[in-house]
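# A look at the structure
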Amino acid sequence: MKYILVTGGVISGIGKGVIASSLGTILKSSGVRVTSIKIDPYINIDAGTFSPYEHGEVFVLNDGGEVDLDLGNYERFLDITLHRDNNITTGKIYQTVIDRERRGDYLGKTVQVVPHITDAIQEWVERVAKVPVDGDNATPDICIIELGGTIGDIEGMPFVEAFRQFQFRVKRENFCCVHVSLVPQPKATGEQKTKPTQSSIRELRGLGLSPDLIVCRSTVTITDAVREKVSLFCHVEPQQVMSIHDLSSIYRVPLLLENQGASAYIMRRLNLHPHLNMRPKKFMADWKELADRYDRLLREVTIALVGKYTKLEDAYASVIKALQHSALAVSHRLNLKYIEAADLEMSMLAEDPCRYHEAWHQLVSANGILVPGGFGVRGTEGKVLAVNWARTKKVPFLGVCLGLQCAAIEFARNVLDMKEANSTEFFPETKHPVVIDMPEHNTGMMGGTMRLGLRKTLFKTDKSIMKKLYGNSDYVEERHRHRYEINPELVEQFEAKGMRFVGRSEDGERMEILELDDHPFFVGVQYHPEYISRPMKPSPPYFGFLLASSGKLQGFVNRGFRKSPNMEYSESSDDELCKITEGNGALSPSTASGIKMRASAGTVKGD
Ligand code: GLN
């Protein structure tokens, strides 16, 4: 097993996660099996109780683990399935050590950070690195370990010390270190400055770790003089200094790293066996195609995201990624409008009329409306209003988790005449509890008690756009994170008026997918399909939503969805034909080969 530790310098939030996953991508394309571990040095056991305001989205794994959103980057870039143990926190490590102490495992000893905590970290890494993460259950060859925060943070110290020891435990040829640092370019001087990078490397070395690659993050590519300077002052060869400047899309990051020889350097440094180092002929071709396609998009599709944490983009990281994957698949540039749900409410008209009208202007000019997941009452009335607009004006709509619940509330209030319809989450005494809590998931304990992770949804009928989008499979498996559900007792009333629950849990009790009759595209899902969307395998509900929002759904339906092995659908203005080649006839994320997107010149067939 080979290990690559990725550390950060100067400031956090400069794309360490994307760089680490990009490195993994090029290694994977070189024929190496890659897994990853993200270390978050906070004391929380997991990300489950975080507010999206502080940390961004909580990412959910197949096994129900609620983890840092960086694990989403690894899953998307590397097309792998991680487990809850792939996210290490200080809380998890201490809990392990304290449990052992209580059991008497250290009887007679004083339990200390060194060696007990540092040993526990090393054991955890060695154990988890071996766990298979792709479909064929093979042991990975390389584990990329990303240490959250920056070098020098107090919380990170035990981890840095653990890896200082680890490099000797696993031997030099099996361990290397990549340091991602910032090279600022202050306006006052106009020059790129290496001093912060020098300091953070000095700190890293002082703690006993030497960087093998230094990745400099900057706004524009670093000059040769800067590269030389980093090399000179940081005690590395110029070829060990990489430059990642701001790019048109993250799909370009692996390509840029590769152009600078990153994977070849790592392969040499880690003495990877020649049989592993067999580059496929079409090395990174998919990524290049993806990046080029992204840069060439001419037409735009405007999607309104009606949420609550719209100030912080990271709060909806996977939703935005899933929208981007699907926008690219339908050859449109995504123009995303974040609408603060509360701004749509009548109370805002009195408080700040400009804000109210601006929010409504954005909503009504969108091609599609998305209401994502969320918790708590604030903004829910605004979301219900947005749903009402989408339903009555026949604007394509996708409701995810809370979005589905809001769709049901809106329908109950305005079609079923249950004026006080609500969720017991927001109004426990409501006369019309359309959304109710699932008692076994409302235990009073907040951490890890929701209905979480991968669960099956069975289609109840063939008359369903979603079933077709999922490649006509009988069931789908998607990830969940919720505590409330549609009240099963009201389902008949909904269905009688045209809101059909076409997908349900295996026991038939939980409503998973709703569709509306007489609407171009009105879909709600209780699960979060965004978590398993991939750049080259867009999530079917998002894909359908983007097809509808870009006016292509009907053409797609007319051609029988994806029944032909080489389905093509096309642009009407630009000269680009987007060809979607299916692996095995289904768009379902559970189908391994999924979709490949290829851009080629071709005839133009309007939708
Ligand atoms: N708050 C809702 C629930 O717990 C929706 C959750 C979500 O959107 N993830 O059911």
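Now for a description of the structure that goes with this document. Only a predicted model underlies this, so the values are computations on that prediction, with no experimental measurement involved.

### Some points on the pattern of salt bridges
- Considering all chains together, one arrives at 34 salt bridges under this definition.
- Salt-bridge contacts for Glu75 lead to Arg479; the nearest nitrogen and oxygen are separated by 2.9 Å. Residue Glu75 is found in helix α3 (residues 70-78), and its partner Arg479 is found in strand β17 (residues 475-482); the two are separated by 404 residues along the sequence.
- For Glu420, the salt bridge identified is with Lys431, shortest N-O distance 3.7 Å. Of this pair, Glu420 sits in the loop between α16 (402-414) and β14 (421-423) while Lys431 sits in the loop between β14 and β15 (432-437), and the two are eleven residues apart along the sequence.

### Thoughts on the sheet that holds β14
- Taken in spatial order, the three strands make up an open sheet running β14-β15-β18, and their pairing is mixed. Each edge of the open sheet carries a strand with a single partner, namely β14 and β18 (484-486). Adjacent strand axes in the sheet meet at a mean angle of 30 degrees, parallel and antiparallel pairs treated alike.
- Across three bridges, β14 lies against β15 in parallel orientation. Each residue of the ladder has a partner; that of Ser423, found in β15, is Val435.
- Contacting β14, β15 and β18, α16 crosses the sheet at an angle of about 160 degrees to β14.

### Side note on unusual backbone geometry
- Of the consecutive residues Val114 and Pro115, the connecting peptide bond is found in the cis state with omega at 10 degrees.
- Relative to the elements of secondary structure, Pro115 occurs in helix α5 (residues 113-129).
- Even without being a glycine, Val10 presents a positive backbone phi close to 75 degrees.
- If you trace the backbone, Val10 turns up in the loop between β1 (2-8) and α1 (16-29).
- On the accessibility criterion, Val10 (34% relative accessible area) is partly exposed.

### Here we look at the site of the ligand
- Surrounding the ligand, one finds Gly373, Gly374, Phe375, Cys401, Leu402, Gln405, Glu425, Arg481, His482, Arg483, Tyr484 and His528.
- The side chain of Gln405 places a nitrogen or oxygen atom 3.1 Å from an oxygen atom of the ligand.
- Within the backbone of Tyr484, one N or O atom sits 2.8 Å away from an oxygen atom of the ligand.
- Those elements that provide at least two residues to the shell around the ligand are α16 and β17.

### A short note on the sheet that holds strand β21 (residues 522-525)
- Pairing in this open sheet of nine strands is mixed, and the strands run β11-β10-β12-β13-β21-β20-β19-β16-β17 from one edge to the other. Each end of this open sheet is capped by a strand with a single partner; those strands are β11 (333-340) and β17. If you compare each strand with its neighbour and ignore which way they point, the axes differ by 25 degrees on average.
- Of the strand pairs in this sheet, strand β16 (residues 451-459) and β17 are connected by eight bridges, and their pairing is antiparallel. By the bridge assignment, Lys456 is partnered in β17 with Glu477.
- Where helix α14 (residues 353-364) meets the sheet, its contacts fall on β10 (300-307), β11 and β12 (368-371), and the angle it forms with β11 comes to roughly 145 degrees.
- Against the sheet, α16 touches β12, β13 (397-400), β17, β19 (499-505), β20 (511-516) and β21, its axis set at about 115 degrees to β13.

Criteria and cut-off values
- Residues numbered from 1 in each chain as written.
- Predicted model: local features only at pLDDT ≥ 70, side-chain atom pairs only at ≥ 80, totals over all residues.
- Heavy atoms only, no water.
- Salt bridge = Lys/Arg side-chain N within 4 Å of Asp/Glu carboxyl O.
- Helix = DSSP H or I, 4+ residues; strand = E, 2+ residues; numbered from the N terminus.
- Pairing = 2+ DSSP bridges.
- Axes fitted to C-alpha atoms, helices over the stretch in contact; angles between N-to-C directions.
- Contact = heavy atoms within 4.5 Å.
- Buried < 20%, exposed > 50% of the residue type's maximum accessible area, 1.4 Å probe, protein only.
- Near = heavy atom within 4 Å.
- Polar contact = N/O pair within 3.5 Å; in protein donor to acceptor, adjacent residues only side chain to side chain.

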